[in-house]
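# Structural overview for review
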Amino acid sequence: MRLVLICLFFSCVASAQDIPARWDELTASDWPKALERSNRTCILPIGILEKHGPHAPIGSDLIHVREWAARATKKEYAVVFPDYFYGQINEARHEPGTFSLPSHLVTELLDSTCSEIARNGFNKIVIINGHGGNPNLLRYFIQTQLERRRNYAVYFFDPAPDSVYSAQLNKLRKSDPATDQHAGERETSTLLYLRPDLVKMDSARNESGINLKRLSIPNVYTGIWWYANYPNHYAGEGAAATKELGQFITEHTIDILVKALKAIKADTKTLELQNEFFDKVKNGK
Ligand SMILES: [Zn+2]
């Protein structure tokens, strides 16, 4: 009995120190501890609402980033901003379920969200992105951080190509890596691993995810290129997906995200250089 009481006491102490990672699950009184444990680091996971072939959920990208953040912060604590699904998705506006805000609003909302996160005490904001149509927007957004002085830094988790990982991945997958892009084997596999209840594998062959190559002007980029290639907003072979492939990809992603989080939490250089830069800008603004 005495032993049980001691165990209860220790588990009580442990749970008192254990605070949730999600911003919306913390209490206001948890805030000082959350800031300290995260080293004032907040993850902003960005997904999108768009069709994912005929078989996968509209919120697939959101599900991915939410799960990555939840799993990574169990290993390396940071606060995780709640669901955010406002990004660049004009190319899927012809499909049901797409939520596409005007571009000026998308940029303004992202900037204001970062400012509000910072006003709550965070000085490191880590964007993790699950949507293939967002990186151009996000890199531009990061560049605009130098438009005015800020007391926080925004980091974009942007994994570099890894030839060893890619070779292992290509051994595991059955479809052509060159065409496995959106709701194809890779993305369907990770969903099968994370949320199998939401994937309708029987429907994966109901539409074609083949590249139709309907527009080709050498060395020229157009806004309609994606629709020209993939009018079904589906690129690849979802039917080839397996849970095992999904586990392999997810564990690799979590692993590099944890490493990036550790590095960002320890980083003082980015803000130092940002401040040095603004000290040299005329008027210091
Ligand atoms: Zn996706």
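Here is what the cut-offs are and how they apply
Residues numbered from 1 in each chain as written. Predicted model: local features only at pLDDT ≥ 70, side-chain atom pairs only at ≥ 80, totals over all residues. Heavy atoms only, no water. Donors = N, O, S within 2.8 Å, 3.2 Å for Na, K, Ca; no water. Helix = DSSP H or I, 4+ residues; strand = E, 2+ residues; numbered from the N terminus. Buried < 20%, exposed > 50% of the residue type's maximum accessible area, 1.4 Å probe, protein only. Patch = residues over 30% accessible without salt bridge, like charges linked within 9 Å, V, L, I, M, F, W, Y side chains within 5 Å. Areas by Shrake-Rupley, 256 points an atom, 1.4 Å probe, with all protein chains shown as cover. Salt bridge = Lys/Arg side-chain N within 4 Å of Asp/Glu carboxyl O. pLDDT = per-residue confidence, 0-100. Contact = heavy atoms within 4.5 Å. Core = buried A, V, L, I, M, F, W, Y, C linked by side-chain atoms within 4.5 Å. Pairing = 2+ DSSP bridges. Axes fitted to C-alpha atoms, helices over the stretch in contact; angles between N-to-C directions. Parallel < 35°, antiparallel > 145°, perpendicular 65-115°, else oblique. Left-handed = near helix turned anticlockwise from the far one by under 90°. Nonpolar A, V, L, I, M, F, W, Y, C, P; charged D, E, K, R; others polar.

## Quick look at the coordination of the zinc ion
Of the protein atoms, only H52 (NE2), D61 (OD) and E187 (OE) coordinate the zinc ion, at distances of 1.8 to 2.1 Å. Mapped onto the sequence, the donors of the zinc ion take the spacing H-x8-D-x125-E. On the criterion of sequence distance, the pair formed by H52 in the loop between β1 (41–46) and α3 (60–75) and E187 in helix α7 (residues 185–194) is long-range, its members being 135 residues apart. Classification of H52 as buried rests on a relative accessible area of 0%.

## A closer look at a nonpolar patch on the surface
On the surface, a nonpolar cluster with roughly 430 Å² of combined accessible area is contributed by L215, I217, V220, I224 and Y227. Tracing the chain through its elements places L215 in the loop between α7 and α8 (225–229).

## What about the confidence of the model for the chain?
In the predicted model, the chain carries a mean pLDDT of 94, and the fraction of residues at 70 or more is 94%. With pLDDT under 50 throughout, residues 1–16 is counted as low confidence; its partners more than four residues away or in other chains account for zero contacts.

## Some words on unusual backbone geometry
Located in the positive-phi region is N39, a residue other than glycine, with phi close to 55°. Relative to the helices and strands, N39 resides in the loop between α2 (31–37) and β1. The exposure class assigned to N39 is partly exposed, which follows from its relative accessible area of 38%. One non-glycine residue, H233, lies in positive phi territory at about 50°. Counting through the fold element by element, H233 comes out in the loop between α8 and α9 (243–266).

## Details of the environment of A34
Assignment of secondary structure puts A34 in helix α2. Distance in space between the C-alpha atoms of A34 and V79 is 6.8 Å, their sequence separation being 45 residues. Ignoring any residue separated from it by four or fewer positions in sequence, one finds A34 in contact with I19, L26, Y77 and V79.

## Things to note about the environment of Q181
Note that Q181 resides in the loop between α6 (163–172) and α7. Separated by 53 residues in sequence, Q181 and Y234 place their C-alpha atoms 8.1 Å apart.

## Details of the nonpolar core
One finds L44, I127 and I128 to be the most contacted residues of the largest nonpolar core, which totals 47 residues. In contact with I127, other than residues within four places in its own chain, are L44, I46, L110, L138, F141, V154, Y155, F156 and F157.

## Section: the sheet that holds strand β4 (residues 153–156)
One open sheet accounts for four strands, arranged β2-β1-β3-β4; its pairing is parallel. Single-partner strands in this sheet number two, and they are β2 (79–80) and β4. Sheet strands in contact with helix α5 (residues 135–143) are β1, β3 (124–129) and β4, and its direction is about 155° off that of β4.

## Considerations on the packing of α6 against α9
Packing of α6 against α9 leaves a shortest axis separation of 10 Å and a crossing angle of 165°. Classified by the interaxial angle, the pair formed by α6 and α9 is roughly antiparallel. The element α6 and its partner α9 pack so that their crossing is left-handed. Together, Y165, Q168, L169 and L172 of α6 and L245, F248, I249 and H252 of α9 make up the contact between the two elements. Split into classes, the residues belonging to the contact of α6 with α9 amount to six nonpolar, two polar and no charged.

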